[in-house]
Amino acid sequence: MIIESNQRPENAVSRTTVEAGDHYIGIVRAGQTLRLLDLEGNQAADTLFFNAHDTAERYSAMDTLREQGEVYLSAGSKLRSNEGRVLLTITADTCGRHDTLGGACASESNTVRYDLEKRHMHSCRDNWMQAIADHPEYGLTKRDITHNINFFMNVPVTEEGGLTFEDGISAPGKYVEMVAEMDVVVLISNCPQLNNPCNGYDPTPIELLIWD
Ligand SMILES: [Zn+2]
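Below, the structure is looked at part by part. (Residues numbered from 1 in each chain as written. Predicted model: local features only at pLDDT ≥ 70, side-chain atom pairs only at ≥ 80, totals over all residues. Heavy atoms only, no water.)

**Let's talk about the environment of I188**
Logical step 1: Mapping I188 onto the fold places it in strand 10 (residues 184–190).
Logical step 2: Distance in space between the C-alpha atoms of I188 and C124 is 8.5 Å, their sequence separation being 64 residues.
Logical step 3: For I188, the residues in contact, after removing those within four places along its chain, are D22, H23, Y24, L36, A45, D46, T47, W128, I206 and L208. (Helix = DSSP H or I, 4+ residues; strand = E, 2+ residues; numbered from the N terminus. Contact = heavy atoms within 4.5 Å.)

Written out as structure tokens, the structure is:
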């Protein structure tokens with residue numbers, strides 16, 4: 001569902017560019033609004049959320065999809081935790097839909113899907129591992145890296161019940177915006193994948209904007 005935001009970028013309390021293939025970890029406080037902006041279009045932002053005060057409570061695709069009865073995320077989606085509570089609510093979306101079924105790229109999946117020699121290519125899972133290793137203050141470990149949201153990524157569910165990675169439906173300047181319902185840790189891999197069209201075979205930067 002396309003819903004535009006009234007937030008003005010010049011009023012944001014924080015603006016951060018996440019370069020192509022890079023990662024981000026930070027906190028969004030309850031009541032703050034987070035926007036992910038697809039600067040050049042066709043990017044995929046592989047994202048995990050955690051309760052900032054108890055990171056054992058984390059985003060759960062299963063709880064989110066079961067409660068909303070819809071397989072894609074868009075404006076109105078309540079992003080639920082493994083305890084069934086709402087971490088964030090998507091309040092604006094100019095892309096239209098986002099995937100939470102396709103998972104994230106990893107060296108293992110790259111070898112299975114593409115070729116053994118792809119093993120050492122940069123992946124989202126490696127990005128997340130690097131972020132939590134660089135920032136032990138968040139208390140996250142390897143076991144906290146679970147299923148995620150792929151903002152801006154186009155992963156249609158086929159009539160046969162399968163998934164396909166398709167060319168993106170996002171474009172330069174499209175964004176998705178969400179309000180935090182509790183203090184949350186945001187962990188993002190700005191997907192570096194070069195073997196499928198999730199980012200148009202050309203990883204590009206995204207921008208994160210936060211409003212009070
Ligand atoms: Zn990826």
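**A closer look at the nonpolar core**
Logical step 1: Core analysis: the largest hydrophobic core is formed by 29 residues, its most contacted members being L34, L36, F49, L79, F151 and M178.
Logical step 2: In contact with L36, other than residues within four places in its own chain, are A45, T47, F151, F152, K174, Y175, V176, M178, I188, E207 and L208.
Logical step 3: Grouped together as the second largest cluster of nonpolar side chains are 11 residues, I132, Y138, I145 and L187 included. (Core = buried A, V, L, I, M, F, W, Y, C linked by side-chain atoms within 4.5 Å. Buried < 20%, exposed > 50% of the residue type's maximum accessible area, 1.4 Å probe, protein only.)

**Re a nonpolar patch on the surface**
Logical step 1: A contiguous nonpolar patch, built from V71, L101, V157 and L163 and spanning about 270 Å² of accessible area, is present on the exposed surface.
Logical step 2: Here L101 lies in the loop between strand 7 (86–93) and helix 2 (107–113). (Patch = residues over 30% accessible without salt bridge, like charges linked within 9 Å, V, L, I, M, F, W, Y side chains within 5 Å. Areas by Shrake-Rupley, 256 points an atom, 1.4 Å probe, with all protein chains shown as cover. Salt bridge = Lys/Arg side-chain N within 4 Å of Asp/Glu carboxyl O.)

**Some remarks on the pattern of salt bridges**
Logical step 1: Taken as a whole, this structure holds seven salt bridges when the rule is applied.
Logical step 2: In this structure, R15 and E207 form a salt bridge, with 2.7 Å as the shortest nitrogen-oxygen distance. Pair noted here: R15 is in strand 1 (residues 14–18) and E207 is in strand 11 (residues 206–211), with a separation of 192 residues, a long-range link.
Logical step 3: Under the relative-accessibility criterion, R15 is labelled partly exposed at 48%.
Logical step 4: When its relative accessible area of 9% is taken as the criterion, E207 is described as buried.
Logical step 5: Between D183 and R29 there is a salt bridge; the shortest N-O distance is 3.3 Å. Of this pair, D183 sits in the loop between strand 9 (174–180) and strand 10 while R29 sits in the loop between strand 2 (23–28) and strand 3 (33–38), placing them 154 residues apart in sequence.
Logical step 6: Residue classification places D183 among the buried positions, given a relative accessible area of 16%.
Logical step 7: Among the charged side chains, a network of salt bridges with common partners joins D63, R66 and E67.

**Topic: the sheet that holds strand 7**
Logical step 1: Taken together, the six strands give an open sheet; going across it, the order is 1-11-3-9-7-6, and neighbouring strands pair in antiparallel fashion. In this open sheet, the two edge strands, each paired with only one partner strand, are strand 1 and strand 6 (78–80). On average, each strand axis in the sheet is inclined to that of its neighbour by 25 degrees, with strand direction left out of account. (Pairing = 2+ DSSP bridges. Axes fitted to C-alpha atoms, helices over the stretch in contact; angles between N-to-C directions.)

Everything listed here is a matter of coordinates, which is why it stays silent on function.
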